[in-house]
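In case you want the letters, here they are:
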Amino acid sequence: MAGVNKVILVGNLGKDPEVRHLEGGTAVANFTLATTEVFKDKSGVRQEQTEWHSIVVWRGLAEIAEKYLKKGMTIYLEGKLRTRSWDDKEGHKRNSTEIVGDTFTILSKKENPPSAGNADEGQSNSPKTVDDLPF
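Student: Help me understand the overall build of the protein, please; the structure alone is not making it clear to me.
Tutor: Check the secondary structure of the protein and you find one helix and six strands. Counting from the amino terminus, the protein carries its helices and strands in the arrangement β-β-β-β-α-β-β. Long-range contacts, defined as pairs at least 24 residues apart, comprise 54% of the intrachain contacts of the protein with a sequence gap of at least 6. Carbon and sulfur atoms provide 48% of the accessible area of the protein, an area that totals close to 9,600 Å².

Student: Before we go on, may I ask you to explain the environment of Met-73 in this structure?
Tutor: Structurally, Met-73 is set in the loop between helix H1 (59-68) and strand E5 (74-87). Sequence separation between Met-73 and Leu-13 is 60 residues; the distance between their C-alpha atoms is 5.6 Å.

Student: Just checking my understanding: could you explain the pattern of salt bridges for this structure?
Tutor: Opposite charge on two side chains permits them to pair, given that their charged atoms come into close proximity. Using the criterion set out here, one finds six salt bridges in the structure. Notably, a salt bridge pairs Glu-48 with Arg-46, separated by 3.1 Å at the nearest N-O pair. Exposure class is identical for Glu-48 and Arg-46. Each is exposed. Put simply, Asp-88 and Arg-94 hold a salt bridge, and the shortest N to O gap is 2.9 Å. You can call Asp-88 buried: its relative accessible area is 17%. Since its relative accessible area comes to 41%, Arg-94 is described here as partly exposed.

Definitions and cut-offs
- Residues numbered from 1 in each chain as written.
- Predicted model: local features only at pLDDT ≥ 70, side-chain atom pairs only at ≥ 80, totals over all residues.
- Heavy atoms only, no water.
- Helix = DSSP H or I, 4+ residues; strand = E, 2+ residues; numbered from the N terminus.
- Contact = heavy atoms within 4.5 Å.
- Areas by Shrake-Rupley, 256 points an atom, 1.4 Å probe, with all protein chains shown as cover.
- Salt bridge = Lys/Arg side-chain N within 4 Å of Asp/Glu carboxyl O.
- Buried < 20%, exposed > 50% of the residue type's maximum accessible area, 1.4 Å probe, protein only.

Structural data, given as structure tokens:
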């Protein structure tokens, strides 16, 4: 039986993508994505729990990420989990689990600060959250 390795996230970029090119010219971009769960605890107090995800995208998708993604933007991302193992400088075994992105969609941009004549002046400049999505 075949397995399924599918991850779907909606979250905010924690930093601009860092892009590098490998020897053959292949582009790879790394960035972090924050997903926040909002819930009420037993006392009825609103709580937030943020999880940070390491994302890697390759080739053309990496070039698109470099060109269009910026810290604070909200994106929808689909990909798969991948765990890497290596030995550090001291010879200790290290593991890292990351999400290899297959596709992403920009849901909102980090808004510009309010300026004179801006219709949104006085409103929050924070990106949309999952609760604001129409689906």
